[in-house]
Amino acid sequence: MSIGAEISVEQLEADPYPIYKQLRAEAPVCFVESVGLWLVTRWADVQLVDKNPALFTGETDPSTLERTFGRNLLASEGAYHDRIRAIVYPWFRVGAIGEYPDKVITPIATELIDAFADRGECELVSEFAEPLSARVLKQALGLDFVEEATLRRWFAELAEGAANFEGDPERQRVADAASAEVNETLAPVIERLEGRPDDTLLSSMVHTEVDGEKLTREEIQSNLKVMIVGGLQATTDLISLSILALLSHPDQLELVRADPKLVDAAIEEAARWHSPVGTSTRQATQDTELCGVKLERGALVAAVLASANHDERNWTEPERYDVQRKEGSHLAFATGPHLCLGARLARYETRAAWRLLLERLPGLRLDPEGSIEISGWEFRSPHHLRLKWS
């Protein structure tokens, strides 16, 4: 029996990294029956897949993203992809969101920390990372009218569909219901913004034109769902995973405390060490060969970003968390035409979170009695992260 036939979804969800290590060594391009995908696990091959849309397209059929969100930026290529990106990307430039760390993120993070600073302990994910991500995203997207709990529920339910590679009908039912609810909620807001624009991303999506063409209502709704999932998931998980990485390596924590200029490098190393986004899904546009394996036209391929970030061919001791690592950039936010648009905002939030947590909570450390449970292979995150301080 082949390796791919033995790998279960449950194994991937629990901890995919040992599986990826075995695949890199023995079957770097391997069909995994349980998810219906060819997993590509080595650094160079993942780069090749992500950077060659003519050979490996993001416009897959079937597509978990299109099935759940509607036609969208991530699951498209060519003129459609370029038009959507040209409309959305300017809002994420430094000039557009450069004030966010001081004017938006820091006040929200400060308010959240105020609520538990005197207590000496907290559960970081539910009390800080998730609400920070949700509140910043609400303000950025223009969803202030949506309750925080609703936005977080939308994220969780939409993510069920986005990661439903095995085609579980119950998971898809939940995701489809959330998708319909988002459409219903956004429709009157989009209508209002058509007559009264503001400074939010949603308003920009309504009014920005490229070559005289605006986004349709359906395009706005589908791409906003992508941003809800990406904005909440990537940021919440980057904050949580990076704090976990730092606090579980006291020697690295001391280096950062001694030299605050290492903060950015420490966050980037955490993103490499525990990639919050697992894969880029692509489809072969023609018969081809990758790493000696023949792929037929139409083959669904997952370029495993998390595995590439641990490839021994590209990284020295890849399982070691090292804030002074000098081996270049990682693939935690993908690469090529589908490089994550929201990566800058996620980094802004994580930097602000680190600065305030380390300043406000002296002796910050993991709770030795708190269990740490991390799961997921497409979206990997800690369920709970209990912290203590002096």
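What comes next is a walk through the structure. (Residues numbered from 1 in each chain as written. Predicted model: local features only at pLDDT ≥ 70, side-chain atom pairs only at ≥ 80, totals over all residues. Heavy atoms only, no water.)

Counting 97 residues, the largest nonpolar core has Phe 128, Leu 132, Trp 354 and Leu 387 as the members making the most contacts within it. No other element matches helix 13 (residues 217-247), which puts 16 residues into this core. Leaving out residues up to four positions away in the same chain, Trp 354 has contacts with Ser 242, Ile 243, Leu 246, Val 256, Val 263, Ala 266, Ile 267 and Tyr 321. Core analysis: the next-biggest nonpolar cluster, separate from the first, contains 20 residues, Ile 7, Ile 19, Leu 23 and Val 304 among them. (Core = buried A, V, L, I, M, F, W, Y, C linked by side-chain atoms within 4.5 Å. Buried < 20%, exposed > 50% of the residue type's maximum accessible area, 1.4 Å probe, protein only. Helix = DSSP H or I, 4+ residues; strand = E, 2+ residues; numbered from the N terminus. Contact = heavy atoms within 4.5 Å.)

All right, on to the packing of aromatic side chains then. Each aromatic ring pair is specified by the distance between its two centres and by the angle formed by the two planes. Scanning the entire structure with this criterion turns up eight aromatic pairs. Between Trp 91 and Phe 92, the ring centres sit 5.3 Å apart and the planes meet at 80 degrees, which makes this aromatic pair edge-to-face. Accessibility expressed as a relative area gives 10% for Trp 91, which makes it buried. On the numbers, 5.8 Å between centres and 50 degrees between planes, the contact of Phe 116 with Trp 389 is tilted. With Phe 116 in the loop between helix 8 (100-114) and strand 4 (121-123) and Trp 389 in the segment after strand 12 (386-388), the pair connects residues that are 273 residues apart, well separated along the chain. Neither Phe 116 nor Trp 389 differs from the other in exposure class; each is buried. Site record: aromatic cluster; members linked through ring pairs are Trp 91, Phe 92 and Tyr 100. (Phe/Tyr/Trp six-rings, centres within 6.5 Å; stacked < 30°, edge-to-face > 60°.)

A few words on the pattern of salt bridges. A full pass over the atoms with the stated rule returns 31 salt bridges. Among the salt bridges present, the one from Glu 194 reaches Arg 217, with a minimum N-O distance of 3.6 Å. In this pair, Glu 194 is assigned in helix 11 (residues 169-195) and Arg 217 in helix 13, connecting sequence segments 23 residues apart. One network of salt bridges, in which partners are shared, links Arg 24, Asp 311, Glu 312 and Arg 313. (Salt bridge = Lys/Arg side-chain N within 4 Å of Asp/Glu carboxyl O.)

Functional significance is not addressed by these values, which are geometric in nature.
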